[in-house]
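# Observations on the three-dimensional arrangement
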Amino acid sequence: MRIKAHNSGFIGKNTVIFDSLPSTNDYLKEELAKSKPFPEGTVIMAVHQFSGKGQRGASWYSEKGLNLTFSILLCPVFLKPQEQFYLTAAISLGILAGLEEVIGVGKAIQVKWPNDIYVNDRKIAGVLIQNSIRGEQLKHSVVGIGLNVNQMQFETGDYKDSGVTGAPTSLQLLTGKEYGLESVLQLICTHIEYYYLKLKFGERAGLIKEYTDHLYRYGIKANYKINGTSAQGVILGVDLQGKLLIEVLGKVMGLGIKEVSFE
Ligand code: BTN
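Here's what I pulled together on the structure shown here. Model, not experiment: these values are computed from the prediction.

Cut-off values and rules
Residues numbered from 1 in each chain as written. Predicted model: local features only at pLDDT ≥ 70, side-chain atom pairs only at ≥ 80, totals over all residues. Heavy atoms only, no water. 1 Å grid on protein atoms, 1.4 Å probe; cavity = no way out; pocket = protein on both sides within 12 Å on 5 of 7 lines; lining within 4 Å. Points joined across faces, edges and corners; volume = space filled by probe spheres on them. Nonpolar A, V, L, I, M, F, W, Y, C, P; charged D, E, K, R; others polar. Salt bridge = Lys/Arg side-chain N within 4 Å of Asp/Glu carboxyl O. Buried < 20%, exposed > 50% of the residue type's maximum accessible area, 1.4 Å probe, protein only. Near = heavy atom within 4 Å. Polar contact = N/O pair within 3.5 Å; in protein donor to acceptor, adjacent residues only side chain to side chain. Areas by Shrake-Rupley, 256 points an atom, 1.4 Å probe, with all protein chains shown as cover. Sits in = over half its atoms within 2 Å of the grid points. Helix = DSSP H or I, 4+ residues; strand = E, 2+ residues; numbered from the N terminus.

Moving on to empty space enclosed by the protein. This model, assessed by the stated rule, comprises one cavity of 30 Å³ or more. Taken as a whole, the largest cavity holds about 230 Å³ of empty space. Considering only residue class, the lining of the largest cavity consists of six nonpolar, 14 polar and five charged.

In structure tokens, the structure reads:
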């Protein structure tokens, strides 16, 4: 284990790097359960995460030493449980902005609802946010991010359950360059902090607008599975609870994560 102190903002100022961990999210949650007083913005990173957790019970595979697998501790006590989606939007936008700085603006860097990060139609990063609630407030958020950085090959078995339609991509696959993991980490943390502070200081409507502007398949007719039935629909945006708004046969539906999947 290595502890790095960055002198930038508060996210990543305290970064703990493990050679190997089952899951950075699980580690952070276990430490929080022991009431370990980590400061807000602490980052736990694993060079080799060997039992990574994805959304909807899926696994997150990442080749040892090639990608970023890390979790950020946030304390968004200014959000009510029913406002969690604002955090999802802020984190997604921070990752998008970080990626834009690394790979430039010529590529389609988008968020596939709710928080998969896509570049040119391929998944490059996944986010797993696990919140703990105290009364009417969010107490802690463990924001887990897996970002493909230098991995050049992806095995079908490793991503088939993770909701991606084709093979994932990575920074190196997109640009042909090799990246230092810690410098990409710092950059992503800086951009996440920018959007997190925007959220904290009340710019909620602006965040949702910016999130919608970057939505994958926004305004495009495409195929979805809605409550078990295949249908053509057009994404129109999200509502304030984070439900996906899709127009199907002239009717706008607000759908939750269990009700819709992309085909
Ligand atoms: C998904 O797309 O399904 C979400 C993947 C989230 C993976 C990250 S890697 C770091 C953190 N620790 C975990 O166990 N999962 C998240």
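This paragraph deals with the pattern of salt bridges. Applying the stated criterion to the full structure yields nine salt bridges. A salt bridge links Lys123 to Asp116; the nearest nitrogen and oxygen atoms lie 3.0 Å apart. Overall, Lys123 belongs to the buried group, its relative accessible area being 6%. On the basis of relative accessibility, which here comes to 4%, the residue Asp116 falls in the buried class. For Glu203, the salt bridge is made with Lys198, and the minimal N-O distance between the two is 3.9 Å.

Right, let's get into the site of the ligand. Around the ligand, the surrounding shell holds 20 residues, and the nearest of these are Ser23, Gln49, Lys53, Gln55 and Lys123. A distance of 3.5 Å is found between a nitrogen atom of the ligand and a backbone nitrogen or oxygen belonging to Asn25. The separation between an oxygen atom of the ligand and a polar side-chain atom of Lys123 is 2.7 Å. For the ligand, whose unbound accessible area comes to 420 Å², protein coverage reaches 99%. Given that more than half its atoms are within 2 Å of the pocket grid, the ligand belongs to the largest cavity. Looking at the shell around the ligand, the elements that each hand over two or more residues are α1 (24-33), β4 (52-53), β6 (68-74), β9 (122-134) and β10 (137-147). With four residues, the single largest contributor to the shell around the ligand is β9. Split into classes, the residues belonging to the shell around the ligand amount to five nonpolar, 12 polar and three charged.

Residue Pro114 follows Trp113 across a cis peptide bond; omega there is 0 degrees. Tracing the backbone shows Pro114 in the loop between β7 (109-112) and β8 (116-119). Despite not being glycine, Asn120 has its phi angle at roughly 45 degrees, a positive value. Mapped onto the elements of the fold, Asn120 is located in the loop between β8 and β9. Residue Asn120 is classed as partly exposed on the basis of its relative accessible area, which comes to 39%. Of note in this structure, Asn227 is not a glycine but carries a positive phi near 45 degrees. Along the chain, the position of Asn227 falls in the loop between β11 (221-226) and β12 (229-238).

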